[in-house]
Amino acid sequence: KGHAVAAVAAVNVHVAEQAAAKIVIDYEELPSVSWVLDAMQEDAPLLHENLFTDDMGEKADKPSNVPVHIRFEKGNIEEGFAKADVIVEREFKTASVHQGYIEPHVSVADWTTSGRLKIWTATQGAFTARQQTAEILQIPISDVVVTPCEIGGGFGGKIAVYVEPVVALLSKKSGRPVKISMTRADVFEGTGPTPGSFIRVKIGATSDGKLVAGEAWLAYDAGAYPGGMIGPGCMCVFSCYDIEHAVVDGYDVCMNKPHTQAYRAPGATQAAFASEQVVDEIAEQLGMCKLELRQLNAAKEGMRRVDGPVYPRVGLVECLQAVAESDHWNSPLEGENRGRGIAAGFWFGCGLKSSVSVNVNHDGTVNLTEGSPDIGGTRTSIAMQLAELLGIDTFDVNPQVADTDGVGYTDVTGGSRVTFATGLAAYKAGQDLQQQMIVRAAELWECPADEITVEDGQFVGAGNSASFKELAGELFKDGEPLVARASVAPDCATNGFGVHIVDVEVDPETGKVTILRYTAVQDAGKAIHPSYVEGQMQGGAVQGIGWALNEEYYFNENDTMDNASFLDYRMPTILDVPMIDTIIVETANPDHPYGVRGVGETPIVPPPAAIANAISVALGRRFYDLPMSPPKIWKALSEIS
């Protein structure tokens, strides 16, 4: 329900709505399923008759709703649990939640008489939107140009195309530019939320607190079509801890819900909600400080994750130390029904492809053209890296985001990659520009190029010295324009770790949880733009708070969504959260010249687990289902009394 089946265009929205209302569709209602464990049963309604489980490279002999089963393991799991003095095993459920961007999906298309399709759209990736649209319409990719507009939020939900191909066809048929803007109900019912999940986690530890074995079983809701977020969930479930023996099984599951899409560290939040509560319970059973247990087992350089990668220099140890030294952790928390919780979180980040071009103006200012849509301030963070290399003021760099005809191929703004990867492209373009200027300066100063050095933006050689702006002005007078470019495709993770602390108070009369104090600690590698980093940490934390306490897709007995509006889908407002305090840790990433790590996704990973751990202290009992909403908590407390 909610997927588009027909479209009309008219001279205004009122006529279009009247026309759409005249379309009559005769539906045959079939059995449906909206929960992962139900969809995995042999007698479950089958969504796709040609879907066979890929089980570690081997295809099943009969169809099912499970597209893929993946498995990661290291060590010997039986041997690991045999060493354990304490073993905790728990089951967890999480509901589907939406990214909650304020601006709905909106696109304008103009299919011109020349045969080129021009699209203006709110997207996280212009090149991705171009490719998807061309493939759906079965036209050459070179016939499509996409202009990424300023975007009112995305968080992973504005990578897939929804209205772009439709608005394009309407433009072609009408011979006019056409605009489509989704309603909020369209957004909730017809676009991709993050998956609901069922997770079982079992961890064993020795009496001195060493985690020795971990076992996880994860089933993630993929929605109506294969290709969900199970892979990242399996990669992240044990990623914060050095566990010698571990095994992870993951299942992608199709059901009658919108196809799931990325939402800020897709799959990792659900996994951390499970594993971080189990780690907390182990500390309780051992009588250990929950922070000290995490410090004892924290991931560090040289550790092999269960899915294979070996960590380079990473900053979880430093984040935990920052927690230990923080005012929040060392302040008393008094009062009834109050509790303090902590949780760690991880997102691997990615590199992917980025391109930039740089041209120098005669006054020594620089125009920087990039292909990464700016969702939260990346134009500035990228410009700052170029300015740092060139030795000029950031305000002398004029950054702009181009359409798909105006810059080289660039992957999506997502994966915590833009400041890292597009920044790396800008850095390399700056190096190219410097080398060009050295060659030109050698001609101007009549000396060998290898005699000219550059330090802090100052060019020195043959008794001459000039700043970047001074030299650029001289070279502009006589000679070719100065233009540089760079494309990069770093094949490496940025490995972002964070730890959150939260104080809560639970009202036993209503079940309402109030966040009293919240501190987010995160390793940014190098905070190029500290206020931007702080904003990312705060934004992710607030979204995680909503996920923990209220947000969910509520399905009725007919498996259709009952709360497809911001009135009924309960997102936190400024009245629901305190100031999110931040502590930025800087443990340099060895794969970037300035040490940058991805920042944007890690902060949504710890909040539900940290809040669950705090509620357990406040009430003396744990909650294993998300959201931990007032009705659920009130019901649980009522059963106790």
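Residues numbered from 1 in each chain as written. Predicted model: local features only at pLDDT ≥ 70, side-chain atom pairs only at ≥ 80, totals over all residues. Heavy atoms only, no water.

Chemist: Explain the pairing of strand E9 (residues 197–205) here, please?
Modeler: Two faces, one strand: in a regular strand the side chains alternate between the faces of the sheet. By the criterion of burial, E9 is predominantly enclosed, with seven of the nine residues buried. As judged from the nine bridges shared by strand E4 (residues 86–94) and E9, these two strands associate in the antiparallel manner. Along E9, the bridge assignment pairs Glu91 with Arg200. By the bridge criterion, nine bridges tie E9 to strand E10 (residues 211–223) in an arrangement that is antiparallel. In the sheet register, Gly204 faces E10, and the bridge partner there is Ala213. Counted between consecutive antiparallel strands, the loop separating E9 from E10 contains five residues, among which Gly209 sits at a positive phi close to 95°. (Buried < 20%, exposed > 50% of the residue type's maximum accessible area, 1.4 Å probe, protein only. Helix = DSSP H or I, 4+ residues; strand = E, 2+ residues; numbered from the N terminus. Pairing = 2+ DSSP bridges.)

Chemist: Before we go on, may I ask you to explain the sheet that holds strand E2 (residues 58–59) in this structure?
Modeler: Working definition: the strands of a sheet are paired by backbone hydrogen bonds and lie parallel or antiparallel to each other. Read from one edge of the open sheet, eight strands run E2-E1-E3-E11-E10-E9-E4-E23, paired in mixed fashion. The sheet is open, and its two borders are formed by E2 and strand E23 (625–626), each paired with just one other strand. Here helix H8 (residues 268–286) sits on the sheet and contacts E4, E9, E10 and E23; the angle it forms with E4, its principal contact strand, is near 150°. (Contact = heavy atoms within 4.5 Å. Axes fitted to C-alpha atoms, helices over the stretch in contact; angles between N-to-C directions.)

Chemist: Any chance you could explain the packing of aromatic side chains here in plain terms?
Modeler: Ring pairs (aromatic) are described by centroid distance and by the angle formed between their planes. Summed over the entire model, instances satisfying the criterion amount to 16 aromatic pairs. A ring pair is formed by Phe92 and Phe273, whose centres lie 5.7 Å apart and whose planes are at 75°; its orientation type is edge-to-face. Here Phe92, found in strand E4, pairs with Phe273, found in helix H8; they are 181 residues apart in sequence, far enough to count as distant. Exposure remark for Phe273: the relative accessible area of 0% places this residue in the buried category. With a centroid separation of 5.7 Å and 90° between ring planes, the pair formed by Phe188 and Phe566 is classed as edge-to-face. With Phe188 in helix H6 (residues 184–190) and Phe566 in the loop between helix H15 (530–549) and strand E22 (580–585), the pair connects residues that are 378 residues apart, well separated along the chain. For Phe188, a relative accessible area of 1% puts it in the buried group. When its relative accessible area of 33% is taken as the criterion, Phe566 is described as partly exposed. (Phe/Tyr/Trp six-rings, centres within 6.5 Å; stacked < 30°, edge-to-face > 60°.)

Chemist: Would you mind showing me how to read empty space enclosed by the protein here?
Modeler: Think of a ball as big as a water molecule: rolled over the atoms, this probe shows where empty space is left. Taken as a whole and judged by the stated rule, the model has two cavities of 30 Å³ or more. By volume, the largest cavity is sized at about 60 Å³. As for the largest cavity, its lining consists of 13 residues, of which Cys236, Ser239, Cys240, Ala272 and Ser275 are closest to the centre. Elements supplying a minimum of two residues to the lining of the largest cavity: H8 and strand E12 (338–347). If one sorts the elements of the lining of the largest cavity by residue count, H8 sits on top with four residues. Per-class residue counts for the lining of the largest cavity are nine nonpolar, three polar and one charged. By volume, the second largest cavity amounts to about 40 Å³. Along the walls of the second largest cavity sit Lys74, Met235, Phe238, Ser239, Tyr241, Ile243, Ala246, Met303, Arg304, Arg305 and Val306, which together make up its complete lining. (1 Å grid on protein atoms, 1.4 Å probe; cavity = no way out; pocket = protein on both sides within 12 Å on 5 of 7 lines; lining within 4 Å. Points joined across faces, edges and corners; volume = space filled by probe spheres on them. Nonpolar A, V, L, I, M, F, W, Y, C, P; charged D, E, K, R; others polar.)

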